Amino acid sequence: MGVVSRGFQGRRESAAADLPPGQYLTRDFPVLQAGPTPSIPLDAWRFSIRAETGAETTWTWRELMALPAEQPTVDIHCVTRWSKFGTTWEGVSLDTLFEKVETAADYALVRSYGGYTTNLPLEDLLDGKAWIAYRYDGEELAGVHGGPARLLVPHLYFWKSAKWVTGIDLLHDDEPGFWEQLGYHNYGDPWREQRYTGD
Ligand SMILES: Nc1nc2c(c(=O)[nH]1)N[C@H]1C(S)=C(S)[C@@H](COP(=O)(O)O)O[C@H]1N2
Ligand SMILES: [Mo]
């Protein structure tokens, strides 16, 4: 008798091939964060990119909503070893935001409401690799998962995907963010298992 397998692993030849080393699969969506969930009214929400020149480009919520949205479906990998396949999001590509930004910087320091920061090379935010996401699984992104909007950079460990994102500073010199200062790997590639400094 034929069994029709839908969704989840059914779409994959082999789940193992899509699972980075040391990770296990979960269907849950765990909540991980270093502090409380901030509440940000949409009319007060701002997102700004500050270039190394000091020039700042800012979007209001309405302006963000007016930009073309994309609907990425991506696998996510947390450094605490859970991975989740096929998560579906809606948001604005960083490429779209960077159309308005002039920069010669190589590094980005991402800032969140509440003070969380995380750093990554600017190129890891570009070329279709990152989004400001405001919907998850067909619904508004829940506050505990970073709503109103979070960064989504699925090719790096999930701590780089800053929840409640409010801006990006562009820098000539790399500057470690919150977890990176506390011993997490500076880059965080799950496929190379870059969990902690020295990995
Ligand atoms: N602002 C903020 N963003 C954050 C964090 C945080 O503590 N504060 N934790 C990071 C970590 S360690 C992980 S694994 C993911 C967890 O996202 P989730 O709670 O939606 O699963 O958010 C990341 N983004
Ligand atoms: Mo994490």
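Structure first, text after, so check above.
Right, let's walk through the structure included here. Note that this is a predicted model, so its numbers are computed, not measured.

What follows deals with unusual backbone geometry. With an omega dihedral of 10°, the bond running from Gly147 to Pro148 counts as a cis peptide bond. Its place among the elements puts Pro148 in the loop between strand 9 (139-140) and strand 10 (150-152). With a phi angle near 55°, Asp137 is a residue other than glycine that sits in the positive phi range. Mapped onto the elements, Asp137 comes out in the loop between strand 8 (131-136) and strand 9. With a phi close to 50°, Glu193 is a non-glycine residue in the positive phi region. Looking at the secondary structure, you find Glu193 in the segment after helix 3 (178-181). Among the residues examined, Glu193 registers a relative accessible area of 26% and is labelled partly exposed.

As a structural note, the neighbourhood of ligand 1 is formed by 20 residues, with Pro30, Ala34, His145, Arg150 and Lys163 the closest of them. Contacts to ligand 1 include Leu32, whose backbone N or O atom sits 2.9 Å from an oxygen atom. Lys163 has a polar side-chain atom sitting 2.6 Å from an oxygen atom of ligand 1. Here ligand 1 loses 97% of its free accessible area of 530 Å² to cover by the protein chains. Judged by the proximity of its atoms to the pocket grid, ligand 1 belongs to the largest pocket. Across the shell around ligand 1, the residue classes break down as 14 nonpolar, four polar and two charged.

This paragraph deals with the pairing of strand 7 (residues 117-121). Of all the five residues making up strand 7, four are buried; the element is thus mostly covered by neighbouring parts of the structure. Pairing between strand 6 (residues 107-112) and strand 7: five bridges, direction antiparallel. Within the sheet, the bridge partner assigned to Val110 lies in strand 7 and is Thr118. Adjacent in sequence and paired antiparallel, strand 6 and strand 7 are bridged by four residues, among which Gly114 carries a positive phi angle near 100°.

Attention now moves to the sheet that holds strand 6. Read from one edge to the other, the open sheet built from five strands follows the order 3-2-11-6-7, with strand pairing classed as mixed. Looking at the sheet topology across the chains shown, the edges are occupied by strand 3 (56-60) and strand 7. Shown here is a sheet whose adjacent strand axes are inclined to one another by a mean of 15°, direction ignored.

Using the criterion set out here, one finds seven salt bridges in the structure. Among the ionic pairs, Lys160 bridges to Glu180, the shortest N-O distance being 2.8 Å. Placement of the pair is Lys160 in the loop between strand 10 and strand 11 (165-171) and Glu180 in helix 3, with a sequence separation of 20 residues. Overall, the relative accessible area of 0% leaves Lys160 in the buried class. Overlapping salt bridges, with partners in common, bring together Arg50, Arg111 and Asp169 in one network.

The rules we used
- Residues numbered from 1 in each chain as written.
- Chains lettered and ligands numbered in written order.
- Predicted model: local features only at pLDDT ≥ 70, side-chain atom pairs only at ≥ 80, totals over all residues.
- Heavy atoms only, no water.
- Helix = DSSP H or I, 4+ residues; strand = E, 2+ residues; numbered from the N terminus.
- Buried < 20%, exposed > 50% of the residue type's maximum accessible area, 1.4 Å probe, protein only.
- Near = heavy atom within 4 Å.
- Polar contact = N/O pair within 3.5 Å; in protein donor to acceptor, adjacent residues only side chain to side chain.
- Areas by Shrake-Rupley, 256 points an atom, 1.4 Å probe, with all protein chains shown as cover.
- 1 Å grid on protein atoms, 1.4 Å probe; cavity = no way out; pocket = protein on both sides within 12 Å on 5 of 7 lines; lining within 4 Å.
- Sits in = over half its atoms within 2 Å of the grid points.
- Nonpolar A, V, L, I, M, F, W, Y, C, P; charged D, E, K, R; others polar.
- Pairing = 2+ DSSP bridges.
- Axes fitted to C-alpha atoms, helices over the stretch in contact; angles between N-to-C directions.
- Salt bridge = Lys/Arg side-chain N within 4 Å of Asp/Glu carboxyl O.

Don't take any of this as a statement about function, it's just geometry.
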